[in-house]
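# Observations on the model geometry
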Amino acid sequence: MNHDKDQSLFQFLLDLLESFMIYKKIILSVVFVMTFISIVIVQFVLKSQYDAKALVLPSSDNGSSAISKAMGKASGDMLGDLMGFSLGDVDEKDMFRSIYNSKKYQEKIILHFNLREHYDIDKDGFFMDVLKEFNNYAHFSISDEDAIELRYRSTDPALALEVIKYMLTQLDSSYNDLKMKGIKRKLQYIDNRLDEVDSLGTINKKKLIIFQQKHGIFDLEEQLTKSIETLSDFESKMQMILIEANFEKAINGANSPQYKKMIEKKKQYQIKINALQTKSNSNSVLLTLKGDPQIILDYETRIRESKVADGVYKFLRQRSEQLRVDQYTAISNLSIIDEPWVADKKSKPSKRDVVIITFSTSFVLSLSFAFLALIYKREDDNHPYMKQLNRIFKGTK
C-alpha cells in the first residue's frame, strides 16, 4: 500500500518535471512578464507610503506634579487616601489611550489637515468612513516600559511628520483639559470644606478655653506632674514635723509651747494636702488628684477634637495650594524620548514582497497549466489524472 503511494508520488514529480522541460519557455516567459508588470505597478502606479513616529513618556514625576506629590506627602498619606484627591488614582497611560480613541480627538486631527480630501473620500460620504481610514493609517501603542508610541503613515512624508507633531500637541492639550476640569471640581469642594472646618475649629477652641478656665486646666501633663511633686513635698514636710513634735512631747510634755506650735504647723500642711486631693484652685496651676475623672476625660476629648480639626484644616489648605499650583503652572504632561521623525525608507508597498509573491504565484500557476496540457497531450484516457479530469468536465465514469 505504501509502496503504491510512493510510486504515485514519484510519478507525479516526474510528470511535473517533464511538464516544465516541455513548456519551460512558456513558463519562464509568463513568470518574467508577470514579475515585470508587478514591478512597474509598484514603481509607477502604487503610491509609496512613509511612516512618521514619536516615542513619549507620561511625565507625572516632573514639574508641578512633583510639587503636588511632595505637598501631598507632607499632608499625610493616610488622610490623602481617605479624602481621595490624588490625581494619581487614575492610570495616566489609560487616560492617554482613552483620549486617543475618542472621536473628538481624532476629529480635530482630521479637520485640521483636511484628511477627508487626502483620503479621496467624497464630501457627502459618512464621517465614520473617514475615521475608519484614519485609524488604518494612525497607530497608538504602549510598550512594556510604559512608553507611548505614536505612528502615522502617509504618501506625503512631510504631512506624516506634521500629523505626528499635531497628535502629540493635542494629546497633551486634551489631557490638560481633563485635568483642569477635575482640579476645578476638587477646588470647589475643598474651599467649601475649608470654611466648614475653620468655623468648627474656631467654635471648638472657644469651648476649650472656657473649659480650661472653669476647671483650671491649661497643660494637663505639666500640671499633673507639678501637683504630684507638690503633694509629695507637703507629705514629706508633714512627716518631718510629726517626728519632731513627738520628740518634743516625749521630752517636754504635751503642754510645751514648741509642741503646740509644731502641731499647728502639721495641721496647716494637712489642710493643704486635703485641698490638693479634693478640689483644684482655679487660680492655681495645681490640679486635684482625687477629683472627678470625667473632667480629665472631657479635657482629653476636647484637645483631641481640636488637634483633628487642625490636622484636617492643614491637609485641606495644603491640598488647595497644591491644586492651585497644578492649575496655574503650564508644564507638559509628556516627556519626549524620540522626537517625531520620518523613516528614510517607505513602509508600503514593499517591492521585494510584491516581486516574491508575484514570481511564486505565476510560477506555480504556469507549471500547473503546463502539467494539465501535458496530460491532455498524451490523450491517455487510462491515465489516473485523465480519468479524473474526464469525470469532472465530461461526466464520464
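Above this text you will find the structure in question.
An account of the accompanying structure is given in this report. (Residues numbered from 1 in each chain as written. Predicted model: local features only at pLDDT ≥ 70, side-chain atom pairs only at ≥ 80, totals over all residues. Heavy atoms only, no water.)

### Observations concerning the sheet that holds strand β4 (residues 334-342)
We apply this condition: Pairing between strands requires that DSSP locate at least two bridges from one strand to the other. Strands here are runs of E lasting at least two residues and helices are runs of H or I lasting at least four, both read from the DSSP assignment and numbered beginning at the N terminus. A fitted line through C-alpha atoms serves as each axis, taken over the contacting stretch for helices, and the angle formed by two N-to-C directions is quoted from 0 to 180°. Here, two residues are considered to be in contact whenever any of their heavy atoms come within 4.5 Å of each other.
Pairing within the open sheet is antiparallel, and its four strands lie in the order β2-β3-β1-β4. The sheet terminates laterally at β2 (138-142) and β4, the two strands that pair on one side only. Neighbour to neighbour, the strand axes of the sheet diverge by 15 degrees on average, direction disregarded. In this fold helix α5 (residues 92-101) packs onto β1 (50-58), β2, β3 (148-154) and β4, with an angle of close to 170 degrees to the strand it touches most, β2.

### As for unusual backbone geometry
Heads up, the rule is: The classification of residues rests on relative accessible area computed with a 1.4 Å probe and restricted to protein chains. Under 20% of the type maximum is buried, over 50% is exposed, and intermediate values are partly exposed.
The backbone of asparagine 114 sits at a positive phi, close to 50 degrees, despite the residue not being glycine. Mapped onto the fold, asparagine 114 is located in the loop between α6 (103-113) and α7 (115-118). Its relative accessible area of 39% is what places asparagine 114 among the partly exposed residues.

### Side note on the nonpolar core
Heads up, the rule is: Among buried residues, those of type Ala, Val, Leu, Ile, Met, Phe, Trp, Tyr and Cys that are joined through side-chain atoms within 4.5 Å constitute a nonpolar core.
Judged by nonpolar contacts, the single largest core of 32 residues is most densely connected at Ile109, Leu115, Tyr152 and Leu171. Contributions of two or more residues to this core are made by β1, α5, α6, α8 (127-137), β2, β3 and α9 (157-215). Per-element accounting of this core gives the leading share, nine residues, to α9. Beyond its immediate sequence surroundings of up to four residues, isoleucine 109 is in contact with Leu115, Phe134, Val163, Tyr166 and Met167. Counting residues in each nonpolar core, the second largest holds nine residues, with Val197, Phe315, Leu316 and Leu323 among its members.

### A short note on the pairing of β1
Inspection of the sheet shows β1 paired to β3 by seven bridges, in the antiparallel sense. Residue pairing for β3: tyrosine 50 is matched across the bridge by serine 154. Two elements, β1 and β4, share six bridges in a ladder whose sense is antiparallel. Across the sheet, residue leucine 55 finds its bridge partner in β4, namely aspartate 338.

### Observations regarding the environment of aspartate 310
Following the sequence through the fold, aspartate 310 ends up in helix α12 (residues 293-328). Measuring from C-alpha to C-alpha, the distance between aspartate 310 and aspartate 198 comes to 8.5 Å, with 112 residues separating the pair along the chain.

### Some remarks on the pattern of salt bridges
Note the cut-off: The salt bridge criterion pairs a side-chain nitrogen of Lys or Arg with a carboxyl oxygen of Asp or Glu, the two atoms within 4 Å.
In total, this model carries six salt bridges according to the counting rule given. Of the charged contacts, one joins aspartate 146 and lysine 93 as a salt bridge, the two residues approaching to 3.9 Å between their closest N and O atoms. Taken together, the residues span a long stretch of sequence, with aspartate 146 in the loop between β2 and β3 and lysine 93 in helix α5 at a distance of 53 residues. For lysine 93, a relative accessible area of 17% translates into the label buried. As a salt-bridge pair, glutamate 196 and arginine 193 come within 2.9 Å of each other at their nearest N and O atoms.

By themselves, these are just geometric observations and shouldn't be taken as functional.
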